[in-house]
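Spelled out from the first residue to the last, the chains are:
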Amino acid sequence: MPEPLAITHATMLTGDRDGTVHADTTVLVEADGRIAAVGPTAEIAVPDGVRVIDASGRFLLPGLINAHAHLFSDGKPLPPILVNPRVEKLVAVFLHSPLARRWLESRTERAVRTQLNTGVTTIRSVGDPGYEVVRVARAIERGDRLGPRLIPSGPLLAVPGGHGAPQIALTGADVDTTRKNVRRNLSRGARAIKISATAGVTDATEIGYAGRPEMSEANMRVICEEAHATGVLVAAHAQSDEGIRAALRAGVDTIEHGAALSDDVIELFGHNPNSLRGFSALVPTLTAALPLVKLDRSVTGANPVARANAEMIFDGMLSAIRTAVEHEILIGMGTDSALTFVPHYNTWRELDALIRYGGLTPAHALHLATQANARILGIEAVTGAVEPGRAADLVLTDADPLVDIRTLAQPSTVVVRGQVIDAPAVERFPEIDALLDEF
Ligand SMILES: [Zn+2]
């Protein structure tokens, strides 16, 4: 349970785009887990009897928001047998069996705990084998266990044989089946909807085909209508200009990954009449593609086609980021965690990639993961900034993240909805980190 709390003498990063920092700040947290007051330590009276965390010499920032995560795996390379196309149907059968139910839940619990302990206090899942993230989200909301705020998608929606099918997707070719699938997810408790608008790196069989359009605009339109009617936002995996255009015209709210954008597509992001709120946002995921691009194929196991497609997709994402910055398209931050070489504790690496490859300032990268993501996911009244009335979702670090982003790999304290995690611990995979540290 949350307890009344005062965090005193912190150097506070607001998470705004300019990187505003307030020296010697105190934050008061109420018993309901919400922030009661924020201000200069000299001006904030700490009530008697509350727990005090002296954050002298430490840095305080809003809890991170991960807009693009999968939670069914830990980011270690999958055994080759599981990625063999001949057994993927068997894998899909297992994943959807009652036997897998509890197994997937415990993997999800471990994944979200790892993200939480590295400062991620809100996670949107975007493609789950079943409804295990829905169940874990409910357990956290009931207070049965400590965890981040979860926005679960359930299985993604794809065409037969499309990206993510059959393991983590419900498939439909026609409008009626598509409508049935989206309604199924919504009725089972999904609070986000994910579409495979185009193919992806892992399933492209020819160079240049990673962004091949898969779902028709008409089918995506039906999905957006159904989701928007219940206030749920729609995310689409889209890795080509053509695929992004169709998704945006259908009303998709967030474009995942991205590609080089043409002028009419840029316009659509800013003014998208079919989206829930009149605009759409871009959520690039650089750290999922980086290992495929940077590491030797003998390490990644990628075939030459996958390697070439990964390079194209990576360049496309960088181009999209540049265009988005130039045209003030809203950009969010997502890790694509659970994919190979993307462990749940490495959110800081996505920020690092946005800075080093995407050309963002550290302040801008941090802004994406906090205030911008809150706005993109429609939760800015709830979290994403250190302000009275919002949930006390907070991270304390020993170093200044604007100078050393890697300090986020090991926060000294994490607070979620006012509940304090002292000395958050994480199990890491040294062999993966050694590879990722190479670039
Ligand atoms: Zn993904």
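Everything quoted here is computed from the prediction, not taken from an experiment.

## Thoughts on the overall build of the protein
Thought 1: What the protein contains, in helices and strands, is 13 helices and 17 strands.
Thought 2: In terms of its C-alpha atoms, the protein occupies a principal-axis envelope of roughly 65 × 45 × 40 Å.
Thought 3: Here the protein, with 439 residues, has 62% of them falling under the buried criterion.
Thought 4: Counting contacts in the protein only where the partners sit at least 6 residues apart, residues at least 24 apart contribute 71% of the total.
Thought 5: In the protein, the 41 positive side-chain charges and the 52 negative ones have mean positions that sit 7 Å from each other.

## Digging into the packing of aromatic side chains
Thought 1: Per the stated rule, a full pass over the model turns up 3 aromatic pairs.
Thought 2: Note on F314 and Y357: the rings are 5.8 Å apart at their centroids and 75° apart in plane angle, and the pair reads as edge-to-face. Of this pair, F314 sits in helix α10 (residues 304–326) while Y357 sits in the loop between α11 (347–356) and α12 (362–376), placing them 43 residues apart in sequence.
Thought 3: For F314, a relative accessible area of 4% puts it in the buried group.
Thought 4: It is K76 that lies over the ring of F429; its NZ or CZ is 4.7 Å from the centre.
Thought 5: The ring of Y345 is capped by R428, whose NZ or CZ atom sits 5.2 Å from the centre of that ring.

## What about the domain arrangement of the protein?
Thought 1: According to the domain assignment, the protein consists of domain 1 (5–62 + 383–424) and domain 2 (64–345).
Thought 2: Each of domain 1 and domain 2 has a C-alpha centre, and these two points are 31 Å apart.
Thought 3: Facing the 18 residues of domain 1 at the interface are 15 residues of domain 2.
Thought 4: Between domain 1 and domain 2, the buried area comes to about 1300 Å², and carbon and sulfur atoms account for 62% of it.
Thought 5: Its largest share of buried area at the contact with domain 2, domain 1 owes to V416, R417 and I421, together 35% of the area lost on that side.
Thought 6: Applying the counting rule to domain 1 against domain 2 returns 1 salt bridge.
Thought 7: Across the pair D393 and R149 runs a salt bridge, and its minimum N-O distance is 2.7 Å.
Thought 8: If you look at where domain 1 meets domain 2, you find 2 residue pairs in polar contact (both at pLDDT 80 or more).
Thought 9: At the level of secondary structure, the elements contributing two or more residues to the side of domain 1 that touches domain 2 comprise β5 (59–62), β16 (413–416) and β17 (419–422).
Thought 10: It is β16 that contributes the most residues to the side of domain 1 that touches domain 2, 3 residues altogether.
Thought 11: The residue inventory of the side of domain 1 that touches domain 2, partitioned by class, reads 12 nonpolar, 3 polar and 3 charged.

## Quick look at the sheet that holds strand β8 (residues 149–151)
Thought 1: Taken in spatial order, the 3 strands of this open sheet run β6-β7-β8, and their pairing is parallel. Lying at the two open borders of the sheet, with one neighbouring strand each, are β6 (64–69) and β8. With strand direction ignored, the average angle separating the axes of adjacent strands in the sheet is 15°.
Thought 2: The strands touched by helix α2 (residues 98–117) are β6, β7 (120–125) and β8; relative to β7, the strand with the most contacts, the crossing angle is about 140°.

## Some remarks on helix α5 (residues 217–229)
Thought 1: Between its terminal C-alpha atoms α5 stretches 18 Å, which fits the 18 Å expected from 13 residues at 1.5 Å a residue.
Thought 2: The set of residues buried in α5 consists of N219, M220, V222, I223, C224, E226, A227 and H228.
Thought 3: Tucked inside the fold, the buried residues of α5 contact β9 (156–158), α4 (175–187), β11 (193–196), β12 (234–238) and α6 (241–250).
Thought 4: Two residues or fewer after α5 comes G231, characterised by a positive phi angle close to 75°.

## Some details on the coordination of the zinc ion
Thought 1: The protein atoms that coordinate the zinc ion are H68 (NE2), H70 (NE2) and D336 (OD), at distances of 2.1 to 2.2 Å.
Thought 2: All donors of the zinc ion belong to a single chain; written as a sequence motif, their spacing is H-x1-H-x265-D. With a gap of 266 residues between them, H70 in the loop between β6 and α1 (88–95) and D336 in the loop between α10 and α11 connect regions that are remote in the sequence.
Thought 3: You can call D336 buried: its relative accessible area is 6%.

## Quick look at unusual backbone geometry
Thought 1: With an omega of 0°, the peptide bond between A165 and P166 qualifies as cis.
Thought 2: Tracing the chain through its elements places P166 in the loop between β9 and β10 (169–171).
Thought 3: Positive phi outside glycine occurs at H9, with the angle close to 60°.
Thought 4: Within the secondary structure layout, H9 lies in strand β1 (residues 5–13).

## Some remarks on the side chain of T285
Thought 1: Tracing the chain through its elements places T285 in the loop between β14 (281–283) and α8 (286–294).
Thought 2: Look at T285 and you get buried, because its relative accessible area is 1%.
Thought 3: A distance of 2.7 Å separates polar atoms of two side chains, one belonging to T285 and the other to H257.

## Structural notes on the side chain of E350
Thought 1: Mapping E350 onto the fold places it in helix α11.
Thought 2: Despite its burial, E350 pairs with no opposite charge, the nearest such side chain being R349 at 9.9 Å.
Thought 3: When sequence neighbours within four positions are dropped, the list of residues in contact with E350 reads P284, T285, L286, T287, M333, G334 and T335.

Conventions and cut-offs
Residues numbered from 1 in each chain as written. Predicted model: local features only at pLDDT ≥ 70, side-chain atom pairs only at ≥ 80, totals over all residues. Heavy atoms only, no water. Helix = DSSP H or I, 4+ residues; strand = E, 2+ residues; numbered from the N terminus. Buried < 20%, exposed > 50% of the residue type's maximum accessible area, 1.4 Å probe, protein only. Contact = heavy atoms within 4.5 Å. Lys, Arg positive; Asp, Glu negative; His and termini not counted. Charge placed at Lys NZ, Arg CZ, Asp CG, Glu CD. Phe/Tyr/Trp six-rings, centres within 6.5 Å; stacked < 30°, edge-to-face > 60°. Lys NZ or Arg CZ within 6 Å of the ring centre and 35° of its normal. Domains from an automatic or database assignment. Buried area = accessible area lost by both parts, 1.4 Å probe. Salt bridge = Lys/Arg side-chain N within 4 Å of Asp/Glu carboxyl O. Polar contact = N/O pair within 3.5 Å; in protein donor to acceptor, adjacent residues only side chain to side chain. Nonpolar A, V, L, I, M, F, W, Y, C, P; charged D, E, K, R; others polar. Pairing = 2+ DSSP bridges. Axes fitted to C-alpha atoms, helices over the stretch in contact; angles between N-to-C directions. Expected span 1.5 Å × (residues − 1). Donors = N, O, S within 2.8 Å, 3.2 Å for Na, K, Ca; no water.

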